[in-house]
Amino acid sequence: MINAWAVALVVIKELYRRKDFYVLFILTALITLMLGALNFFNDRQIARYLKEICLLLIWLSALAIAVVTSARQIPAERENRTIFPLLAKPITRAQVVAGKFLGCWLACGLVLAVFYLFFVVISGSREHLWPLANYFQAIWLHWWMLAVVIAMTLLGSVVFSAPSANVTISMLVVIGILLLGRHLHQVALRLTEPGQTILSVLYFALPHLEFFDVRDLIIHDWGLIPWSILGLATLYAAGYTALFLTAAWLVFRRQNLN
Amino acid sequence: MNAILALENLRVEYRNREWGRTSRVAVDGLNLEVFRGEVFGFLGPNGAGKTTTLNVLLGFTPASCGAAYLFGVNVREPIARRRIGYLPELTYYYKFLTAEELLRFYARIFHLSSAETERRIDAVLALVELQSARRQPIRTYSKGMQQRVGLAQALINEPELLILDEPTSGLDPLGRMKVRTIIQRLKNEGKTVFFSSHELGEVETVCDRVAILHQGVLKAAGRVDDLARQYQGNLEQVFLKVIGYHDND
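Residues numbered from 1 in each chain as written. Chains lettered and ligands numbered in written order. Predicted model: local features only at pLDDT ≥ 70, side-chain atom pairs only at ≥ 80, totals over all residues. Heavy atoms only, no water.

Chemist: Which residues make up the interface of chain B and chain A, and what values go with them?
Modeler: Interfaces are often sized by the amount of accessible area the parts lose when they come together. Between chain B and chain A, the contact holds 27 residues from the first and 27 residues from the second. The contact between chain B and chain A buries some 2,500 Å² in all, and 66% of this surface belongs to carbon and sulfur atoms. The largest per-residue losses of area from chain B upon contact with chain A belong to Phe60(B), Tyr92(B) and Phe96(B), which jointly make up 27% of the total buried on that side. Our enumeration of links across chain B and chain A arrives at 2 salt bridges. Note that Glu101(B) and Arg17(A) form a salt bridge whose closest N and O atoms lie 2.8 Å from each other. (Contact = heavy atoms within 4.5 Å. Buried area = accessible area lost by both parts, 1.4 Å probe. Salt bridge = Lys/Arg side-chain N within 4 Å of Asp/Glu carboxyl O.)

Chemist: Can you explain the nonpolar core? Please cite residues and give values.
Modeler: Counting 157 residues, the largest nonpolar core has Leu57(B), Leu70(B), Tyr94(B), Phe105(B), Tyr106(B), Leu161(B) and Phe194(B) as the members making the most contacts within it. Residues within four places of Leu57(B) in sequence aside, it is in contact with Leu5(B), Leu7(B), Ala68(B), Leu70(B), Val75(B) and Phe194(B). (Core = buried A, V, L, I, M, F, W, Y, C linked by side-chain atoms within 4.5 Å. Buried < 20%, exposed > 50% of the residue type's maximum accessible area, 1.4 Å probe, protein only.)

Chemist: Summarise the sheet that holds strand E7 (residues 161-165) of chain B; cite the residues concerned and give the values.
Modeler: Residues and elements named next belong to chain B. Taken in spatial order, the 6 strands make up an open sheet running E6-E7-E8-E3-E9-E10, and their pairing is mixed. Each edge of the open sheet carries a strand with a single partner, namely strand E6 (84-87) and strand E10 (217-223). Sheet twist, expressed as the average angle between the axes of neighbouring strands with direction ignored, equals 15°. Note that strand E3 (residues 39-43) and strand E8 (residues 192-196) share 4 bridges and pair parallel. Looking at the pairing, Gly-41 lines up with Phe-195 of E8. Sheet strands touched by helix H8 (residues 235-242): E3, strand E9 (209-214) and E10. Its angle to E9, the strand with the most contacts, is close to 30°. (Pairing = 2+ DSSP bridges. Helix = DSSP H or I, 4+ residues; strand = E, 2+ residues; numbered from the N terminus. Axes fitted to C-alpha atoms, helices over the stretch in contact; angles between N-to-C directions.)

Chemist: For the environment of Leu130(B), give the residues involved together with the corresponding values.
Modeler: Residues and elements named next belong to chain B. When you line up the elements, Leu-130 lands in the loop between helix H3 (114-127) and helix H4 (143-155). Owing to a relative accessible area of 2%, Leu-130 belongs among the buried residues under this scheme. Separated by 31 residues in sequence, Leu-130 and Ala-99 have C-alpha atoms that sit 8.5 Å apart. Excluding residues that lie within four positions of it along the chain, Leu-130 makes contacts with Leu-125, Tyr-141, Met-145, Arg-148 and Val-149.

Laid out in structure tokens, this is it:
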């Protein structure tokens, strides 16, 4: 665990010393400016519409940062050959994968915290509503969704040799799941065999990232999700994360680094 | 006397995927032992299999056949690398970190306490003469400074065995002299050093024993004096004779 934590700290340090973090601040500022227009014409519909746009921006930005950051971790280590002095130390490849995941996930957690903090402060100061439990549930599920995405992208980074290919494929898969995931089973039922079975298997095998999208909870001030459901969703995400990380380790541990 | 580095009938084959089942033998039937306190030179022309052998020792490449041991532990176990330090041929470190941060990161992997980490950072930076640049990002370092930070990271755990891959490669005469002085100092401290090099003069100066590898096969091994006597010449002449090079001029 100490070794994984050491690797994770370097990942976080790299993120805030690179340009990504500044991009994050610019995006946050943009979101803040948009929220500044809340209560425009004193119309509640517009306020909701703007909140929806802001949250969509947060989702897209966090997703981009998560995929791009995790996709380059192991390929960059190999390309820059920093993997050699690292693996010459008493560290296992499993610990390297775990450290990379932990670093990316914690860094994304910091990014989410910054985004949502601005959102909560400005939205709250305008609307004089502070549904903190709703925000907590939304952030928590969002963060766990990113855990699945990061683990999946790390797996891609040890399978595909080019990070750019991995970023493109991971992004397409994630956006595809978010947009089409919930409809797959309905489509499957309308198909004939073997298409029906194939699509049904795909529906049940894919991580349903759309479960974690609870933006409406904030936009429409809906009631809280039962905490037991939140717990189950967390376990669901943790299961898929562990599965992808194990697969990444199995591939990486056999790779010849010469 | 127990060997702290041992290779037993080591064979490494690389499969060429583009050409189906054909494979290239990089190292073939290599047996070698290095004992405590020795400075051991691992020599051979380019493509002889030196780096492949080091890659097996460090767990980067699996052996196709045979085994490699460090302190009696199979190199497939990460614990085998607990008491070693490794300097790669070219300097590869996180350029966004400072020397101090890099050393702290590696010290953490060796599970050193904070006080011990700081003590060792001070000691190794003093040894490689990088105290004044300790808080500068590594990307601002010259090649010689990067090589020295590489030596510092290799020494952070006070290793009993140092594995150096071409430690003076690409350095100017001053840089080479500094690295050579450090190796000499480590030798005087009783450390075991195993290093590959093309610089035969340097090897002759610092090594107790050498092994010469050619086309993946061990051609000669022994004390530098003994080999010089056996082949009637200095190490360069020994090397050329062993690899079968004949200068007709």
